[in-house]
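Okay, here's what each chain looks like letter by letter:
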Amino acid sequence: MMEVVAGIDVGGTNTDAVLVSEGRVVAWAKVPTTPDIRGGIVDALDKVAGTHRIKRVHIGTTAFTNALVERRELAPAAAIRVGKPVSESLPPMSDWPDDLRSVARNPIFFVNGGREFDGRAIGALDREEIAEVARNVASSNISQVAVTSVFGTSYPEDEIRIAEWIREANPELEVSLAHRIGRFGILERENATLLNAMLRPLAARTIAAYREAVPANLLISQNDGTVLRSTSAAELPIFTVASGPTNSLRGAAILGALADAIVFDVGGTTTDAGVLRGSYPQPAGLDLSIAGVRTNFRMPDLCSIGIGGGSLIDASTGAVGPKSVGYRLTEEALAFGGSTLTLTDIALAAGRIEIGDRSRVKHLDSELITRVDSHLRTRLARLLENYERIGQQLPIILVGGGASLIEDLLRELGRVVMRPPHASVANAYGAAMAQVGGEADMTFASAGISRAEALSQVEKEAHRRAREAGASAGSIVTVELEEAALSYLAGDALRVRARAIGDIEESSR
């Protein structure tokens, strides 16, 4: 019996599944996503499983992204900022959208502790102060706590100690620590940690349902192209945000055998675009907005536009999307007997795809197709501009179930376009092929350590975190190592960030 890894990507329209053995796709399926998510996963696995023995299932999910965007199923979380009085000038959540802040209603606590950039203590931790905070939180029927310390990425000891004291005071409280989630800037790191804390109860329920649905060890896709154990994902759901497009980029890199390229993933509702550098998604260099909140945790540099197979068409103007029939495509599109004009119908009428009943779109004339094509070419050209560099025009890898809808239009823009085998399930393939990784982001006083020592220390920490995440020690490699001088800090400082990845240690799951 062949031993395989299953990759599953749950999209807004379809749930894709592949079985992979030694990098080769041995079976694949695409089924409609079901409202409960679980049904689509079970159906997709049933279609591919056959007689294979599935040793692991890797799932990419949009459940937590959607919860943030739709402001639903978010738990209240206490924000504890460590470093008073210097950290009190700008309270947590100051820049959050009003609608999210009103839903969250997170209490705020400033406590003693925290460090300067060179490790000097701002103030001493106060155990009784933390115990009092824990009692106040518990009395408000809040189960989630987010702890953020000044310069906590370099000196996490204060956050770790506070978490210990909180759990001692009340073992029912779940604690999210900022140094495990965000990067250098305290406000953005605090925002990401609070969002993570607010998602944890939903993550626990969702991942428990996934465990019931899959017949093997379960890992969850992250937004940096790696996977983490399901137990860890329940504690760090924020890392799954945007994991679907990331899976597509990784799958495209391997299927297309290109290390540097622009990837377009055309689904039923959106087209997601990103850039590959060295076979991994190019990370976003600046702070990112998640559900209207500025954060700074690791994220790929992605753009999404509302163009997909289910996108609605304005026949008078040729405008496409952003509204879509989504997973109801096979019920509502003209080609399937419905009454809604979609991009799939236009592509069928233009002879670009063979799907559904062609006779049902024969009334769509060439002028309408020309209007729609003109609209699409303009939007695709603008999307490409986000990733162009002067003097460099990267090839395009086109993946996703709707790839054929825009392939000809991209070629008409003068671009080199590749559509590799199994492109329609590149997202699930990328999930199946994912490794595990670790990242470290630390700041040093330049006078106290040499550049080489700082780089080595951060790289070792990234490798340690990769091993902690389940990577086989002999397989770990550094994929990112960057430094930046922080001359605006007194005495100068050096910030170093490293990311390492490795193969999954089977015995560690």
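Refer to the preceding data block for the structure.
Since we're looking at a predicted model, the values are computed, not measured.

Novice: Hey, could you run me through the environment of Leu312 in this one?
Specialist: Within the secondary structure, Leu312 is located in strand β17 (residues 311-313). Sequence separation between Leu312 and Thr226 is 86 residues, and the spatial gap between their C-alpha atoms is 34 Å. With sequence-adjacent residues up to four places away left out, Leu312 is seen in contact with Ala319, Val320, Gly321, Lys323, Ser324, Val325, Thr340 and Leu341.

Novice: Explanation requested: the sheet that holds strand β21 (residues 436-445) in the structure shown.
Specialist: Within a sheet, each strand pairs with its neighbour through backbone hydrogen bonds, oriented either parallel or antiparallel. With antiparallel pairing, three strands are arranged side by side in an open sheet as β21-β23-β22. Single-partner strands in this sheet number two, and they are β21 and β22 (477-485). Pairwise comparison of adjacent strand axes, ignoring direction, gives a mean angle of 10° for this sheet. With 10 bridges joining them, β21 and strand β23 (residues 493-502) adopt antiparallel strand pairing. Of the residues in β23, the one forming a bridge with Met442 is Val496. Against the sheet, helix α14 (residues 451-469) engages β21, β22 and β23, with an angle of about 150° to β21.

Novice: Explain the environment of Thr33 to me, please; I cannot follow it from the model alone.
Specialist: Inspection of the secondary structure puts Thr33 in the loop between β3 (24-32) and α1 (38-49). Sequence separation of Thr33 and Thr13 is 20 residues, and the distance between their C-alpha atoms is 5.6 Å. Setting aside residues up to four positions removed in sequence, Thr33 forms contacts with Val10, Gly11, Gly12, Thr13, Asn14, Thr15 and Tyr327. Here the side chain of Thr33 touches Asn14 through a polar contact of 3.1 Å, landing on its backbone oxygen.

Novice: Hey, could you run me through the nonpolar core in this one?
Specialist: Nonpolar side chains tend toward joint burial in soluble globular proteins. Counting residues in each nonpolar core, the largest one holds 56 residues, and the members touching the most others are Ile41, Ile59, Leu68, Trp96, Leu195 and Ile238. Among the elements that take part in this core, helix α6 (residues 186-213) stands out by supplying 11 residues, more than any other. Residues in contact with Ile41, not counting those within four places in the same chain, are Ile8, Val10, Thr15, Ile59, Tyr210, Ala213 and Val214. Leu343, Leu348, Ile369 and Ile406 belong to the second largest nonpolar core, which has 36 residues in total.

What counts as what
- Residues numbered from 1 in each chain as written.
- Predicted model: local features only at pLDDT ≥ 70, side-chain atom pairs only at ≥ 80, totals over all residues.
- Heavy atoms only, no water.
- Helix = DSSP H or I, 4+ residues; strand = E, 2+ residues; numbered from the N terminus.
- Contact = heavy atoms within 4.5 Å.
- Pairing = 2+ DSSP bridges.
- Axes fitted to C-alpha atoms, helices over the stretch in contact; angles between N-to-C directions.
- Polar contact = N/O pair within 3.5 Å; in protein donor to acceptor, adjacent residues only side chain to side chain.
- Core = buried A, V, L, I, M, F, W, Y, C linked by side-chain atoms within 4.5 Å.
- Buried < 20%, exposed > 50% of the residue type's maximum accessible area, 1.4 Å probe, protein only.

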